[in-house]
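Structural overview for review
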Amino acid sequence: MEEKPGQDRIPDTPLFDRKRSLGGYRINKMAMGLSRPENREAFKQDESAYLDRFGLTPEEKEAVMTRNWREMVRLGGNLFFILKISAVDPVRITEIGAHQAGMEHDDFLRNRLGKKV
Amino acid sequence: MAKLIGGLGTSHVPSIGAAIDKGLRETPDWKPFFDGYIPGQDWVKEHKPDVAVVIFNDHGNSFFLDKVPTFAVGCAEEYRPVDEGWGPRAIPPFKGAVDFSWHFIDTLIDNRFDPMICQEIEVDHGIQVPMELFWGRPAEWPVRVVPIFVNVIQYPIPLPSRCYEMGRVLRQAIESYPTDERFVVLGTGGLSHQLQGARAGFVNPEADRAFLNDIAGDPDKLANMSREQYVEMFGSEGAELMMWLVMRGAMDRDVVVRHKHYFVPASMTGAGMIVMENMATASPAVAA
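If you're wondering where the values come from, they're calculated on a predicted model, not measured in any experiment. (Residues numbered from 1 in each chain as written. Chains lettered and ligands numbered in written order. Predicted model: local features only at pLDDT ≥ 70, side-chain atom pairs only at ≥ 80, totals over all residues.)

A short note on the overall build of chain A
Within chain A, the secondary structure is distributed over ten helices and zero strands. Secondary structure elements of chain A, listed N to C terminal, follow the sequence α-α-α-α-α-α-α-α-α-α. Relative to a compact globule of 117 residues, whose C-alpha radius of gyration would be 13 Å, chain A shows 15 Å and is just as compact. Judged by the C-alpha coordinates and their principal axes, chain A covers about 40 × 40 × 20 Å. Relative to its full complement of 117 residues, chain A shows a buried share of 38%. By sequence separation, contacts in chain A at least 24 residues apart represent 57% of the contacts at least 6 residues apart. (Helix = DSSP H or I, 4+ residues; strand = E, 2+ residues; numbered from the N terminus. Rg over C-alpha atoms; globule rule 2.2 N^0.38 Å. Buried ≥ 20, exposed ≤ 12 C-beta atoms within 10 Å, placed from the backbone. Contact = placed C-beta atoms within 7 Å.)

So this is what it looks like as structure tokens:
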């Protein structure tokens, strides 16, 4: 049962179901590792080697290394885990949101969150 | 017997904790949000609860996807802040209400709820932020806690009606607990927000305000909604609002709303707070 993007019952709203959890297990486990200081250090020293420790596929690795949040989520990354990447390589959560929405950051703040910017 | 003196509801957005840590309380972005909690903090100071039962979800910090309990109850002596990626936050550890936790677990099992039992566990912003919002930053917490973890991340997540039913069992546990301690129950999470997918940044202030009315006046309606309706109305992460139903289920049908506050956006979230008391035992209203 291959689920294509866009098949979610609520449009543009990926629910973290069995399929996503299985598919994203490697990415999420890698990101969960970043809750330990020694792993954060390893990620900073040699990101590629750190990712290899968790057996990420080339596609997954590229999504992480290019900080392609939309792609990480598409591959089953769950934001609560992959957010830990932003503890090592800082980025605001609103920037992660804007990236997924395909919007400029200011537009995102204004039009989605109703902020006056 | 122990007494339930209030039901509190609040958001638990991690940026709130970060804003406190960075001293941003008085900045224009945050001041109106924090000021709205002052009446809630005053209520807590005046009513001095002994025990806080806090319903929240872990955010991939204390549990990974290898083991996902639908409901878990802490019965530890102490709950330390967990490292969420930025190092454990410098807040005092929470003291556990151990004896009540076990009594609650007994009562749950007797009523066909079968939670995971946690004697040693660290806790994330899901409980930290609500405690800071109502109790501030004391050197030591003046209240002991009972953490209830609800899985709202890995599907299948529980039904909203199940959360409501768990609240009824919590009430039974409080009412049958042979001490004269004063309990508050905190439902946490929400309100509307979505962090994932192209609909990221979705907030729904109208639905949030209606929720703050209905949680007091028409909780049955909220308990009868489907998970999908929660996601649609409050966003994929906002669906966690169903955890407020555990708190509401522990209360009487008729409640008095003491305080209510809504602010949007706190980071990417519609943030809300409510303080309720059972009407039958409500403290005399403070003259306006």
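Some thoughts on the sheet that holds strand E2 (residues 51-56) of chain B
Residue and element names in this part refer to chain B. The strand order E6-E3-E7-E2-E8-E1-E10-E9 describes an open sheet built from eight strands, whose pairing is mixed. Taken across any chain shown, the strands that pair with only one partner, and hence form the sheet edges, are strand E6 (116-118) and strand E9 (255-266). Strand after strand, the sheet turns through a mean of 15 degrees between neighbouring axes, direction not considered. The pairing of strand E1 (residues 3-10) with strand E10 (residues 269-278) spans four bridges and is classified as antiparallel. Looking across to E10, one finds that Gly9 is bridged to Ile274. Running over the sheet, helix H7 (residues 205-217) touches E1, E9 and E10 and is turned about 10 degrees from E10. (Pairing = 2+ DSSP bridges. Axes fitted to C-alpha atoms, helices over the stretch in contact; angles between N-to-C directions.)

As for the interface of chain A and chain B
Of the residues lining the interface, 33 residues belong to chain A; the matching set on chain B comes to 30 residues. Elements with a minimum of two residues in the side of chain A that touches chain B: helix H2 (25-32), helix H7 (79-82), helix H9 (93-101) and helix H10 (105-112) of chain A. Counting residues per element, the side of chain A that touches chain B draws most heavily on H9(A), which supplies five residues. Here the residues of the side of chain A that touches chain B sort into 17 nonpolar, ten polar and six charged. (Nonpolar A, V, L, I, M, F, W, Y, C, P; charged D, E, K, R; others polar.)

Observations concerning the pairing of strand E3 (residues 71-74) of chain B
Residues and elements named next belong to chain B. Where E3 and strand E7 (residues 144-150) come together, three bridges link them in antiparallel fashion. Counterpart to Ala72 in the pairing with E7 is Phe149. With three bridges connecting them, E3 and E6 associate as parallel partners. When the bridges of E6 are listed, Ala72 appears paired with Met116.

A closer look at helix H5 (residues 58-65) of chain A
Residue and element names in this part refer to chain A. Three or more residues of H5 are buried, namely Glu60, Ala63 and Val64. Buried residues of H5, seen end-on, are gathered within an arc of 95 degrees and therefore sit on one face of the element. Those residues of H5 that are exposed and angled more than 90 degrees off the buried face are Pro58 and Met65. Looking at the packing, one finds that the buried side of H5 touches H2, helix H4 (47-53) and helix H6 (69-74). Two residues or fewer past H5, Arg67 is found with a positive phi of approximately 50 degrees. (Arc of directions from axis to C-beta.)

Structural notes on unusual backbone geometry
Following Gly190(B), the chain continues into Leu191(B) via a peptide bond in cis, with omega recorded as 0 degrees. Secondary-structure assignment places Leu191(B) in the loop between strand E8 (182-188) and H7. The amide bond that connects Val264(B) to the next residue, Pro265(B), takes the cis arrangement and shows omega of -5 degrees. Backbone geometry at Arg67(A) places phi at a positive 50 degrees, although glycine is not the residue there. Inspection of the secondary structure assignment puts Arg67(A) in the loop between H5 and H6. A count of 16 C-beta atoms within 10 Å places Arg67(A) in the partly exposed class. One non-glycine residue, Ser267(B), adopts positive backbone phi at about 60 degrees. Its location among the elements puts Ser267(B) in the loop between E9 and E10. Overall, the presence of 21 C-beta atoms within 10 Å leaves Ser267(B) in the buried class.

Regarding the environment of Ile38(B)
Residue placement: Ile38(B) occurs in helix H3 (residues 38-47). Taking the C-alpha atoms as reference points, Ile38(B) and Glu240(B), 202 residues apart in sequence, are found 24 Å from one another.

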